[in-house]
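# Structure assessment
Chain by chain, the residues:
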Amino acid sequence: MVDRRHQRKYYGNSFIHIILIAMIFVTVSHANDSSKMEKNAMVCAEFLTCQKCARHVFCSWSLDLQKCLVTPPTLGNLTVNIEAHCPQFSVPKKSVLRDELFSYTVVVSNDQNNFVKFLQDRTITCHLDEEKLPGYVLNDEIKCDTKRLAAQRNKRFKALMIYHYYITIDDGIILRYNNESDNYFVYYDHECDSTSRDDECVTCAWNEYGYKNYYKRCSVRNRCVGQYEYYARWHANNYTAVMAAGDADGGVRLECPEAEILSVDPMTAPWLGGTTVRFTVVNHRVMAEGKEVSVTVAGRECTEPKMWPMQDDKRVTGISCTMMPAAVTDRRRNHEGPVRVQYTGDQPKVTVTSALVVGLVDPVIADMSPRCGPATGGTMLRIAGRYLDAGTTLRVSVGDYANCEPVALYPDLLLCVTGPAVVAGPTAARINVVFDGQLSKYVGDGSVVFTYAAVPALDAGQSLQGIASGGTAVQLRGRHFSCLRYAMLYVHHGERLHYTSCRLVNDTLAVCRAPKLPYGHVDSAASLKYGLRVQDPEYHEMDLSPPRDPHGYSLHPDPVLVDFVTDGRTVTINGRDLDRGYRWQDDLTVRFRGSGGGCDVTFTDHRRIVCVPSNPSAADLDAVPGVIVTIGDTFAYVVKRKADGRNRGRNSGPPENVVTGVKIVCLIAIAIACIAVYRTKAKHRAGATAAAAAAAACNNSNTTITTDHTSVASSVGYRIN
């Protein structure tokens, strides 16, 4: 029977646990949501224009606050979360002449949220540097009251001044433009062609680290004002001016398409230096006019910069310089950094920095193939490693004997073709790779060598042999084998060539396998022609024939195994042809059937194989039912213990005593047959003699009663009619 009180207590505790878990889950979820919202709010606040804000799904642009906020659950009429719905602002007139009444005007377009209507009920204030002017809304334009600017001159340059203009809503909310340069206009103290005012000029406006920056520089070739340079910085949030222009070192790092580094080559360089780096810069000619130019690559000085104009774009200049070797205090081998071009002269000092970075690396050359080739050259070497494309120049050499001309280069692979060796005969040397004339590396740190090898050849006077089943080891001696890719033994037999594989042991030895060949008595008397088919490192095949070899390849029949006997210490296997066509030291193995133990061969001759157990203490030779004899890779046979009157082996002949007995029986049978034939012939001769005597008697009787004519006819067998 169930205790109801305990049951109620259990359910009560379970309910409390569920409530606690739910509360914890809600708290954690709320904390996660709060953390996520705070993170998104921090990210959204960094975007100061509607376009940059609205392209992020969790951010929306508030038109009335001119801020980027986390997207609210419901969007009001003055909230934009689609980039295409952002209103567009443009300033049609960005310059004014001396004594001209100037009205700063901002045109509003793509107004899908009726932002202009919202502005009609707001206070509009125009800010000209430190001066405030009233503003108002007219149709789709925001206008500022007109103002006559007095003539001002910059002592360093011709008459040209740049003013900072911006608009606030309700005297506190800054109207954020799409283009930062719309906050600036230029004052001229003389008439000049408006179409050529910005010729040979660089204009940059960008936001960086909470600051709003503006830079303008014109060349002496500008027909309106000539050479001019201006830089100013404001706080991005409230547009208050910053007196210190530039970074801590007095430099200004430009970030704009009109002064940027477009390309850099190479992207990796050996850390030791010496690399020639090439890059392109937009408007470098304008920036460098009247200033000193210096370049650094990944923090390393790049000397002797050379410039040339690019043919496809006159605004772009190509520059090359050579990286200095690493200083004693700078031994870093793997780090990266951008390309920086610095223009130094009258303040400010200006720097253009590449978005691309150059890595200073320590190349690794791990391995190479092939390891040898002909002395005439022409071998394609494949050198593997890391950072092999570092730098701009590469030299590969085979010791002091030859060069290897690079034909292809990848980060992890270098291909080059060897030249002819300057020395005769086989020569081995380390492969050396030099990057940009400074950093020298060896393949495998010098452990890998390349050999200029001579033409391979077979030695004369070799005597090769094998059994009919094949599979036994055949050793071929020669020279210059180490440069071969693979080799195959071939033997002429009848109308066919029989091939078997070989293992190239070293420069002078190849171990092959004997081919399986049909055996006939003629094969044992005549030697067969043989040779070695090889392939060089360039995959070219050639046949090597032994010179002046009278022995050739001798083919022997398979051994005949009959039986075995044992004296308790050794095992003797009986048979025929047990020591021909192979080397027992290389090919012959004997194992005990059942136990699997080995029997070490100590002696062989034509009729016997003698072996002793590998483990005498564990071998009971009297209990061994049979031994397994293996010769080479293909011949294996089970030999049983000798038993009187029983033949052993499917491929063996009868025992010798049986053969002798059969021979004696055959001789006796032949003798009896001869005697029987002789006696039969003797009887036939005796019968023939008696018949001849009777015939003679008859003939004599007939002669007396017949005429002479009849007697002659009967004696020669003629028929009388």
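Residues numbered from 1 in each chain as written. Predicted model: local features only at pLDDT ≥ 70, side-chain atom pairs only at ≥ 80, totals over all residues. Heavy atoms only, no water.

Looking only at helices and strands, the protein chain features eight helices and 51 strands. Within the protein chain, the fraction of its 721 residues that count as buried is 42%. Considering only contacts in the protein chain between residues 6 or more positions apart, those separated by 24 or more positions represent 61%. As displayed, the protein chain offers around 39,800 Å² of accessible surface, 54% of which is attributable to carbon and sulfur atoms. (Helix = DSSP H or I, 4+ residues; strand = E, 2+ residues; numbered from the N terminus. Buried < 20%, exposed > 50% of the residue type's maximum accessible area, 1.4 Å probe, protein only. Contact = heavy atoms within 4.5 Å. Areas by Shrake-Rupley, 256 points an atom, 1.4 Å probe, with all protein chains shown as cover.)

A word on the sheet that holds strand β1 (residues 59-62). If you walk across this open sheet you meet the three strands as β2-β1-β3, and the pairing is antiparallel. Strand pairing shows two members of the sheet lacking a second neighbour, β2 (67-70) and β3 (79-80), which therefore form its edges. Sheet topology places β1 next to β3; two bridges connect them, and they run antiparallel. For Trp61, the partnering residue across the bridge sits in β3 and is Val80. (Pairing = 2+ DSSP bridges.)

Glancing now at the packing of aromatic side chains. Considering all chains together, one arrives at 16 aromatic pairs under this definition. Seen in terms of ring centroids, Phe102 and Phe185 are 4.5 Å apart; in terms of plane orientation they differ by 25 degrees. Their pairing is stacked. In this pair, Phe102 is assigned in strand β6 (residues 101-102) and Phe185 in strand β14 (residues 184-188), connecting sequence segments 83 residues apart. By relative accessible area, which is 3% here, Phe102 ends up buried. Residue classification places Phe185 among the buried residues on the basis of a relative accessible area of 0%. In textbook terms, an aromatic cluster arises when at least three aromatic residues are bridged by ring pairs, as seen for Phe102, Tyr104, Tyr163, Tyr165, Phe185 and Tyr187. A cation over an aromatic ring shows up here: Arg485 above the ring of Tyr539, its NZ or CZ 4.0 Å from the ring centre. (Phe/Tyr/Trp six-rings, centres within 6.5 Å; stacked < 30°, edge-to-face > 60°. Lys NZ or Arg CZ within 6 Å of the ring centre and 35° of its normal.)

Turning next to the state of the cysteines. Scanning the entire structure with this criterion turns up 11 disulfides. Between the sulfur atoms of Cys44 and its disulfide partner Cys59 the distance amounts to 1.9 Å. Disulfide Cys44-Cys59: torsion about the S-S bond near -85 degrees, hence left-handed. You can see Cys44 sitting in helix α1 (residues 4-44) and its partner Cys59 sitting in strand β1, a full 15 residues away along the chain. Residue Cys599 pairs covalently with Cys611 via a disulfide, S to S 2.1 Å. Between Cys599 and Cys611, the S-S torsion sits near 95 degrees, and that sign places the bridge as right-handed. Linking Cys599 in strand β48 (residues 598-604) with Cys611 in strand β49 (residues 608-613), this pair joins segments that are 12 residues apart in sequence. Neither residue differs from the other here; Cys599 and Cys611 are each classed as buried. (Disulfide = S-S within 2.5 Å.)

Before going further, it helps to examine the pairing of strand β33 (residues 427-435). Extensive coverage of β33 is indicated by the burial of seven of its nine residues. Pairing between strand β30 (residues 394-398) and β33: five bridges, direction antiparallel. If you follow Val398 over to β33, its bridge partner there is Ile431. Direction of pairing for β33 relative to strand β34 (residues 439-442): antiparallel, over a ladder of four bridges. If you follow Phe435 over to β34, its bridge partner there is Leu439. If you look at the hairpin formed by β33 and β34, you'll find three residues sitting between the two strands, and Asp436 has a positive phi there, around 55 degrees.

Now for the nonpolar core. Formed by 55 residues in total, the largest nonpolar core has its most connected members in Leu254, Phe279, Val297, Ile383 and Ile431. Ignoring sequence-local partners within four residues, the contact set of Phe279 consists of Ile261, Ser263, Val264, Val295, Thr317, Gly318, Ile319, Cys321, Val339 and Val341. Core analysis: the next-biggest nonpolar cluster, separate from the first, contains 40 residues, Val80, Tyr104, Phe118 and Tyr163 among them. (Core = buried A, V, L, I, M, F, W, Y, C linked by side-chain atoms within 4.5 Å.)

All right, on to the pattern of salt bridges then. Applying the stated criterion to the full structure yields 24 salt bridges. With a shortest N-O distance of 3.9 Å, Asp567 and Arg569 are connected by a salt bridge. Arg569 gets classed as exposed once you look at its relative accessible area, which sits at 61%. Salt-bridge contacts for Asp605 lead to Arg608; the nearest nitrogen and oxygen are separated by 3.5 Å. Salt bridges sharing partners connect three or more residues here, namely Glu200, Arg221, Arg285 and Glu289. (Salt bridge = Lys/Arg side-chain N within 4 Å of Asp/Glu carboxyl O.)

Turning our eyes to something else, we now look at the environment of Val610. You can see Val610 is positioned in strand β49. For the pair Val610 and Asn574, spaced 36 residues apart in the sequence, the C-alpha separation amounts to 9.0 Å.

Let's shift gears to the sheet that holds strand β46 (residues 571-576). With respect to topology, seven strands assemble into an open sheet ordered β45-β46-β49-β48-β47-β50-β51, the strand pairing being antiparallel. Of all strands in the sheet, those with a lone pairing partner are β45 (560-566) and β51 (635-640), marking the two edges. Pairwise comparison of adjacent strand axes, ignoring direction, gives a mean angle of 30 degrees for this sheet. In the sheet, β48 pairs with β49 via five bridges, with the strands oriented antiparallel. What sits directly across from Thr604, in β49, is Ile609. (Axes fitted to C-alpha atoms, helices over the stretch in contact; angles between N-to-C directions.)

Sheet analysis places β1 next to β2, joined by four bridges and oriented antiparallel. For Ser60, the partnering residue across the bridge sits in β2 and is Leu69. In this structure, the hairpin formed by β1 and β2 is closed by a connection of four residues, where Gln66 is found at a positive phi of approximately 55 degrees.

To continue, consider the confidence of the model for the protein chain. Summing up the model confidence of the protein chain, the mean pLDDT is 82 and the portion of residues at 70 or higher is 82%. Contacts of residues 645-653 to residues separated by more than four positions or lying in other chains number 22 contacts, the stretch itself having pLDDT below 50. In the model, residues 688-721 has pLDDT below 50 throughout and makes six contacts with residues more than four positions away in sequence or in other chains. (pLDDT = per-residue confidence, 0-100.)

Let's shift gears to unusual backbone geometry. A cis amide bond, omega 0 degrees, links Asp265 with the succeeding residue Pro266. Here Pro266 shows up in the loop between β19 (261-265) and β20 (268-270). Following Ser369, the chain continues into Pro370 via a peptide bond in cis, with omega recorded as -10 degrees. Relative to the assigned elements, Pro370 resides in the loop between β27 (364-369) and β28 (372-374). The backbone phi angle of Asn283 is positive, close to 60 degrees, even though this residue is not glycine.

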